[in-house]
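# Results of the structural survey
What follows is the residue order along each chain.
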Amino acid sequence: MKTLKIAIQKSGRLNEKSVEILKNCGLSFENYKSSLISKVGNFPLEILFLRDDDIPEYVQDGIADLGIVGENIIIETNAKVSYLQKLGFGKCSLKIAIKNTCDINEIKELEGKAIATSYPVILSRYLKANNITAQIRNISGSVEIGPGLGLSDAIFDIVSTGSTLKNNGLKPFVSVMDSEAVLISTQGMELNAEVLELVKRIQSVLRAKATKYVVLNVEKKNLQRIVDLLPGVKSPTIVPLFEEEWVAVHSVIPEEDFWQKINALKAAGAQGIVVMPIEKIIA
Ligand code: ATP
Ligand code: MG
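The structure displayed is predicted, hence computed values, not measured ones. (Residues numbered from 1 in each chain as written. Chains lettered and ligands numbered in written order. Predicted model: local features only at pLDDT ≥ 70, side-chain atom pairs only at ≥ 80, totals over all residues. Heavy atoms only, no water.)

### Description of the site of ligand 1
For clarity, the cut-off: Throughout, the term near means that a residue has one or more heavy atoms lying within 4 Å of the molecule or strand in question. Pairs of N or O atoms are called polar contacts if they sit within 3.5 Å, as long as, within protein, a hydrogen donor faces a hydrogen acceptor (for residues adjacent in sequence, only side-chain-to-side-chain pairs). Areas reported as accessible are Shrake-Rupley estimates using a 1.4 Å probe. Residue values count occlusion only from the protein chains shown. Charged means Asp, Glu, Lys or Arg here, nonpolar means Ala, Val, Leu, Ile, Met, Phe, Trp, Tyr, Cys or Pro, and polar covers whatever is left, Gly included.
Around ligand 1 sit 17 residues, and of these Arg 51, Asp 52, Asp 53, Asn 72 and Ser 160 come closest. The contact in question runs from an oxygen atom of ligand 1 to an N or O atom on the backbone of Arg 13, over 2.8 Å. At a separation of 2.7 Å, a nitrogen atom of ligand 1 approaches a polar side-chain atom of Ser 160. Look at ligand 1: alone it shows 620 Å² of surface, and the protein chains cover 78% of it. Split into classes, the residues belonging to the shell around ligand 1 amount to 5 nonpolar, 7 polar and 5 charged.

Below, the structure is given as structure tokens:
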């Protein structure tokens, strides 16, 4: 049987989370910083550690069957790959930013301007779609200093908190795309049992990450109010307590509205609330 290969970033913003998700899938491997390939001990899989820019092409050409990389890099490299799963990390936006002192308001006003970027493909597509002719200055890093040095009027780059822009006297002007890490595969490749197993495990880990396991005590007279607040995987588990008028309620709640839910549960009479992380949820 052919060993599957998955390409992940060797070092950088996506490395740690990519390794973590694979480890949470129960795969055992050494995260060698010095080596390019790591063999998984308990699954027919090899992990290739690469520059993120190279991952889409490796997967497109079938050198790696699978890859974990930012959507921005897939689009920038123009690689033809299949998307299997969004992974919920490495989230960022790619924005055009201008000098604080610049007072343009509409994207049409970018006409004729010089824009520095490391993402010329995404930028030129955006400009073309908006019928704007601008001068794209392709530079490989630290694009934020471009306007300050007189290299460009604007920049197009990844923005997360905006603090780098601020420190360089820039302000966001328009958001061009949002990106996150995704699991990709070679187009047209056979999705055999091993690939499906791996995707299933990744999805179980993602589902578990998005939820918390909650146990709480409540007086029976308040039970219905608590149950109404809890979606659970199916419906909450109710366990009798030694004290007859009380029960323990076990349930799973989404991470996103976690504090709101906890406060509502308390207000509805929940006591002794215990919250635990979930490792996996098998569909
Ligand atoms: P490599 O050495 O692998 O080429 P890199 O320096 O090009 O790495 P990183 O800075 O590690 O890239 O970013 C990798 C990816 O992480 C980006 O392409 C993007 O998808 C994502 N990302 C998420 N948030 C940010 C952010 N604030 N800044 C930069 N990238 C981010
Ligand atoms: Mg890179």
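### Quick notes on the nonpolar core
Among soluble globular proteins, nonpolar side chains are generally buried collectively. What counts here: Definition used in this section: a nonpolar core is a set of buried Ala, Val, Leu, Ile, Met, Phe, Trp, Tyr and Cys residues joined via side-chain atoms within 4.5 Å. Three labels apply to residues, based on accessible area from a 1.4 Å probe with only protein chains included: buried if under 20% of the type maximum, exposed if over 50%, partly exposed otherwise in between. Going along the chain from the N terminus, every DSSP run of H or I of four or more residues is numbered as a helix, and every run of E of two or more is numbered as a strand. Residue contacts are counted whenever heavy atoms from the two residues lie within 4.5 Å of one another.
Counting 32 residues, the largest nonpolar core has Ile 96, Ile 122, Phe 156, Phe 173 and Ile 184 as its most contacted members. Broken down by secondary-structure element, the contributors of at least two residues to this core are strand E3 (45-50), helix H2 (55-60), helix H3 (71-77), strand E6 (92-99), helix H4 (120-129), strand E9 (154-159), strand E10 (170-179) and strand E11 (181-186). With residues up to four places along the chain from it excluded, the contact list for Ile 122 reads Asn 72, Ile 75, Glu 76, Leu 94, Phe 156, Val 176 and Met 177. Residues Leu 22, Phe 43, Ile 68 and Phe 89 belong to the second largest nonpolar core, which totals 28 residues.

### Describing the sheet that holds strand E12 (residues 211-219)
Put simply, the rule reads: At least two DSSP bridges between two strands are required for those strands to pair. Note on definitions: angles span 0 to 180 degrees between N-to-C directions of axes, and those axes are lines fitted to C-alpha atoms, for helices only across the stretch in contact.
Spatially, the 4 strands line up as an open sheet ordered E13-E14-E12-E15, and their pairing is antiparallel. Looking at which strands have only one partner, the edges of the open sheet turn out to be strand E13 (237-240) and strand E15 (271-277). Across the sheet, the mean angle from the axis of one strand to that of its neighbour is 20°, orientation sign disregarded. Pairing analysis gives 4 bridges linking E13 to strand E14 (residues 246-254), with the strands arranged antiparallel. What sits directly across from Ile 238, in E14, is Val 249.

### Points about H4
The cut-off we apply is this: An arc is given here, and it is the one of the directions from the helix axis to the C-beta atoms.
Along H4, the residues classified as buried are Pro 120, Ile 122, Leu 123, Tyr 126 and Leu 127. In an axial view of H4, the angular spread of the buried residues amounts to 165°, which keeps them on one side of the axis. Of the exposed residues in H4, the ones pointing more than 90 degrees away from its buried face are Lys 128 and Ala 129. Among the structural elements, H3, E6, strand E7 (114-117), strand E8 (135-138), E9 and E10 are those in contact with the buried residues of H4. Looking at the residues trailing H4, positive phi occurs at Asn 131, about 60°.

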